[in-house]
Amino acid sequence: MKFQQLRNATIIIEYAGKRFLVDPMLAEKGGFPGFDGTINSHIPNPLVDLPVPMDEILDVDAVIVTHTHADHWDDAAIKLVPKDMLIFTQNEKDAAEIQAQGFGDVRALGESTVFDGITFIKTPGRHGGAKTVEEFAELLGHVSGIVFKHPDEKTFYIAGDTVWYEGVEENLKKYEPDVVVLNSGDAQVLGYEPIIMDKEDVYEVYKAAPGATIIASHMESVNHAMLSRKELREFISEKGMTQRVLVPEDGETCVF
């Protein structure tokens, strides 16, 4: 299995002989406005360029969209992803939205979906603290993660845009993943708790999954992400977590 960090939550996974592009945000640097109501909303997104050529990014067997926020599925992705590409979505609502954008092979994930011998298990997530999710229910919407399983591969869990809460803890206990990807940028809505994991959340996952390697993703790419790689690496070192927590740079590949 190979994991490549591209930018933000955009990653490429090579798993059981297939290649997947997850949450493509494909705009050029500064291609769309910062998110209203968030910290640093005056700064346009993305903050950085993509680290590899577009033809390499799009050379995949399928795309997985965990949810349709613009930093996971942007206008550039709608334009650049081939309209006949197989796309998996978290639910029928997102599938209908992407179909309406002209894509012909869009499949909503069930609780368990098999694709060429790979089992995808949809997992729950919570896009912020309880107060934040309640007050911004329409804006934050529904989010999911996904577990990849195959007899010849390690169990791989993308937690998605979620904070640490009992749902993530239950996912870790139930599926016992070998590799866990956490969206760890500490993205913030003004006056509220983070809407994705911060460094303390990463620590909670580290403690709850003692057999797993953890990959920190969704960092240093959008206006409201407040946790830097440098700060997270320093925290990881202080907590003695360096053997099991990876903080890849954009473009970096990890092999398992």
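Everything that follows concerns the structure shown earlier in this document.
Conventions adopted
- Per-chain numbering applies: the sequence of each chain, read as written, is numbered from 1 onward.
- Predicted model: local features are reported for residues with pLDDT of at least 70 only, side-chain atom pairs are reported and counted for 80 or more only, and whole-chain, interface and lining totals are derived from all residues.
- In computing side-chain values, all of the structure's heavy atoms are included and hydrogens and water are not.
- Elements are defined by DSSP. Helices are runs of H or I of four residues or more, strands are runs of E of two residues or more, and each kind is numbered from the N terminus.
- We call two residues in contact whenever any of their non-hydrogen atoms come within 4.5 Å of each other.
- Exposure categories follow from relative accessible area, calculated using a 1.4 Å probe and restricted to protein chains: below 20% of the type maximum is buried, above 50% is exposed, and the middle band is partly exposed.
- Strand pairing is defined by DSSP finding a minimum of two bridges between the two strands.
- Under this definition, polar contacts are N or O atom pairs within 3.5 Å; protein pairs additionally need one hydrogen-donor-capable and one acceptor-capable atom, and for neighbouring residues in sequence, both atoms have to be side-chain atoms.
- Here the nonpolar core consists of buried residues drawn from Ala, Val, Leu, Ile, Met, Phe, Trp, Tyr and Cys, with membership extended through side-chain atoms lying within 4.5 Å.
- Along the arc lie the directions from the helix axis toward the C-beta atoms.

Peer 1: Can you lay out the environment of A209 for me, pointing to particular residues and giving the numbers?
Peer 2: Within the secondary structure layout, A209 lies in the loop between α7 (199–208) and β12 (213–217). In this structure the C-alpha to C-alpha distance between A209 and D55, which are 154 residues apart in sequence, comes to 36 Å. Apart from the residues within four sequence positions on either side, A209 is in contact with L172 and R244.

Peer 1: Report on unusual backbone geometry, specifying residues and quantitative values.
Peer 2: The linkage connecting N45 with the following residue, P46, adopts the cis geometry, with an omega of -15 degrees. Inspection of the secondary structure puts P46 in the loop between β3 (18–22) and α1 (54–57). In this structure, E176 is a non-glycine residue whose phi angle is positive, near 45 degrees. Locating E176 in the fold gives a position in the loop between α6 (166–175) and β11 (179–183). Positive phi is not limited to glycine here, since H218 has a value of about 60 degrees. Checked against the element boundaries, H218 lands in the loop between β12 and α8 (229–238). On the basis of relative accessibility, which here comes to 1%, the residue H218 falls in the buried class.

Peer 1: Which residues make up the sheet that holds β11, and what are the values?
Peer 2: Adjacent strands of a sheet form backbone hydrogen bonds with each other and so pair up, either parallel or antiparallel. Strand order in the open sheet formed by 7 strands is β7-β8-β9-β10-β11-β12-β13, and the pairing between neighbours is mixed. Of all strands in the sheet, those with a lone pairing partner are β7 (112–115) and β13 (245–246), marking the two edges. Across 3 bridges, strand β9 (residues 144–149) lies against strand β10 (residues 156–158) in antiparallel orientation. Among the inter-strand pairings, I146 is bridged to a residue of β10, identified as I158.

Peer 1: Can you tell me about the environment of R107, naming the residues and giving the values?
Peer 2: Positionally, R107 belongs in strand β6 (residues 105–108). Exposure remark for R107: the relative accessible area of 38% places this residue in the partly exposed category. Expressed as a C-alpha distance, the spacing of R107 and K131, which sit 24 residues apart in the sequence, is 32 Å. Once you skip the residues sitting within four places of it in the chain, R107 turns out to touch L86, I87, F88, T89 and F115. Polar contacts involving the side chain of R107 include one to the side chain of D105, which spans 3.1 Å.

Peer 1: How would you summarise the pairing of strand β4 (residues 62–65) if you had to cite specific residues and measurements?
Peer 2: Every second residue of β4 is oriented toward a common face, with A62 and I64 on one face and V63 and V65 on the other, all of them buried. With 3 bridges connecting them, β3 and β4 associate as parallel partners. Its bridge partner being in β4, L21 is matched across the sheet by V63. Sheet topology note: the β4/strand β5 (residues 86–89) ladder contains 3 bridges and is parallel. From the neighbouring strand, I64 faces β5, where its bridge partner is F88.

Peer 1: I'd love a proper account of the nonpolar core, names of residues and values included.
Peer 2: Counting 28 residues, the largest nonpolar core has V63, W73, V81 and I87 as its most contacted members. Secondary-structure elements contributing two or more residues to this core are β4, α2 (75–80) and α3 (92–100). At 3 residues, α2 tops the list of elements feeding residues into this core.

Peer 1: Before we move on, could you go through α6 and cite the residues and values that matter?
Peer 2: Within the span of α6, buried status applies to G167, V168, N171, L172 and Y175. Projected onto a plane normal to the axis of α6, the buried residues spread over an arc of 140 degrees and lie on a single side. Turned more than 90 degrees off the buried face of α6, the exposed positions are E170, K173 and K174. Taken together, the buried residues of α6 touch β8 (118–124), β9, β10, β11 and α7. Positive phi appears at E176, one or two residues downstream of α6, with a value of about 45 degrees.

Function-wise, these values are silent; they only describe arrangement.
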